Amino acid sequence: MIDLLRFLSINEADFVKHTQATYKLGIKFTGWPRAGHSYWHPFGAFGAMINLRPFFHAWQRARAQGLAPRFNDFSLNAALGDAGKFRFVDAAAQGPVGGLRHALHFDAGLVAKYLRSYSERLGVARSERTVAQCTLREDGFLDELVFTDGSRLQADLYIDCSGFRGY
């Protein structure tokens, strides 16, 4: 989501304010894969380059040599999470801090409203109708939508936002 916001030139602070989002460095799974064990799925990098090779190579070598280092010990995101701390990403940072990344936890309904407003300000036309059927082109791609009111729509891009109702 952070990358999408940057791609769309949406101010992250404004997005967080209007969607009531919170920041997170990763997701901690407690009791997984067994009781008494926990695992971080951090959003940042693990380790740093060693001898011009990705950290994962050194990790695999250590395991092949019978060592059992904790993977989380090589993640700044996991270490900060375990300590209950947070740090914003510094794009110019080097070393381990350069691998730090964060994500957002948000209410999907509020995000949908925010993105709808953003899109409409840019001139995107939104239509709320019920699709009765569709026609396909010879190559199998969607050609045209036919709605229950009999109207039709042919477009270059279709985005289905029906959610679970679409199943």
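What you see is a predicted model; the values in this text were computed from it and never measured.

1. Some words on unusual backbone geometry
- A cis geometry characterises the amide bond from Trp32 onward to Pro33, with omega recorded as 5°.
- Structurally, Pro33 can be placed in the loop between strand E2 (26-30) and strand E3 (38-42).
- Non-glycine residue Leu52 carries a positive phi angle of around 65°.
- By secondary structure assignment, the location of Leu52 is in the loop between E3 and helix H3 (55-64).

2. Brief notes about the sheet that holds strand E6 (residues 142-147)
- Pairing is antiparallel in the open sheet, where three strands are placed in the order E5-E6-E7. The sheet is open, and its two borders are formed by strand E5 (131-136) and strand E7 (152-153), each paired with just one other strand.
- Direction of pairing for E6 relative to E7: antiparallel, over a ladder of two bridges. Within the sheet, the bridge partner assigned to Val146 lies in E7 and is Arg152.

3. Some details on a nonpolar patch on the surface
- A cluster of nonpolar side chains, namely Met1, Leu4 and Phe7, defines an oily patch on the protein surface of about 320 Å² accessible area.
- Structurally, Met1 can be placed in the segment before helix H1 (2-7).

4. Structural notes on the pattern of salt bridges
- Under the criterion given, the structure shown has seven salt bridges.
- Lys28 is paired through a salt bridge with Asp82; the nearest N and O atoms lie 3.4 Å apart. Separated by 54 residues along the polypeptide, Lys28 in strand E2 and Asp82 in helix H4 (residues 76-82) bring together distant segments of the chain.
- Taking relative accessible area as the criterion, Asp82 reaches 41% and is therefore assigned partly exposed.
- The salt bridge partner of Arg70 is Asp73, with a shortest N-O separation of 3.1 Å.
- Look at Arg70 and you get partly exposed, because its relative accessible area is 44%.
- Look at Asp73 and you get exposed, because its relative accessible area is 53%.

5. Here we look at the layout of surface pockets
- Looking at the largest pocket, its volume works out to about 1,500 Å³.
- Lining of the largest pocket is provided by 32 residues; of these, Arg126, Ser127, Ile159, Asp160 and Cys161 occupy positions nearest its centre.
- Contributing elements (two or more residues each) for the lining of the largest pocket: helix H5 (108-121) and E6.
- By residue number, the principal contributor to the lining of the largest pocket is H5, which donates seven residues.
- Looking at the lining of the largest pocket residue by residue, the class counts come to 20 nonpolar, five polar and seven charged.
- A volume near 210 Å³ is recorded for the second largest pocket.
- Lining the second largest pocket are His37, Ser38, Tyr39, Trp59, Arg63, Ala68, Pro69, Arg70, Phe71 and Asn72.

6. Quick notes on the nonpolar core
- Judged by nonpolar contacts, Ile2, Leu5, Ile10, Phe15, Val16, Ala21, Leu104, Val111, Tyr114 and Tyr118 together constitute the single largest core of 10 residues.
- It is H5 that provides the largest number of residues to this core, a total of three residues.
- Setting aside residues up to four positions removed in sequence, Val111 forms contacts with Met1, Phe15, Thr19 and Phe106.

7. Digging into H5
- With 14 residues, H5 should cover 20 Å at 1.5 Å per step; its first-to-last C-alpha distance of 20 Å lies within 8% of that length.
- What H5 keeps buried is the set Val111, Tyr114 and Tyr118. Angularly, the buried residues of H5 cover 65° about the axis, an arc narrow enough to put them on a single face.
- N-capping of H5 is provided by Asp107, with a side-chain oxygen placed 2.7 Å from the backbone N of Gly109.

What counts and how
- Residues numbered from 1 in each chain as written.
- Predicted model: local features only at pLDDT ≥ 70, side-chain atom pairs only at ≥ 80, totals over all residues.
- Heavy atoms only, no water.
- Helix = DSSP H or I, 4+ residues; strand = E, 2+ residues; numbered from the N terminus.
- Pairing = 2+ DSSP bridges.
- Patch = residues over 30% accessible without salt bridge, like charges linked within 9 Å, V, L, I, M, F, W, Y side chains within 5 Å.
- Areas by Shrake-Rupley, 256 points an atom, 1.4 Å probe, with all protein chains shown as cover.
- Salt bridge = Lys/Arg side-chain N within 4 Å of Asp/Glu carboxyl O.
- Buried < 20%, exposed > 50% of the residue type's maximum accessible area, 1.4 Å probe, protein only.
- 1 Å grid on protein atoms, 1.4 Å probe; cavity = no way out; pocket = protein on both sides within 12 Å on 5 of 7 lines; lining within 4 Å.
- Points joined across faces, edges and corners; volume = space filled by probe spheres on them.
- Nonpolar A, V, L, I, M, F, W, Y, C, P; charged D, E, K, R; others polar.
- Core = buried A, V, L, I, M, F, W, Y, C linked by side-chain atoms within 4.5 Å.
- Contact = heavy atoms within 4.5 Å.
- Expected span 1.5 Å × (residues − 1).
- Arc of directions from axis to C-beta.
- Polar contact = N/O pair within 3.5 Å; in protein donor to acceptor, adjacent residues only side chain to side chain.

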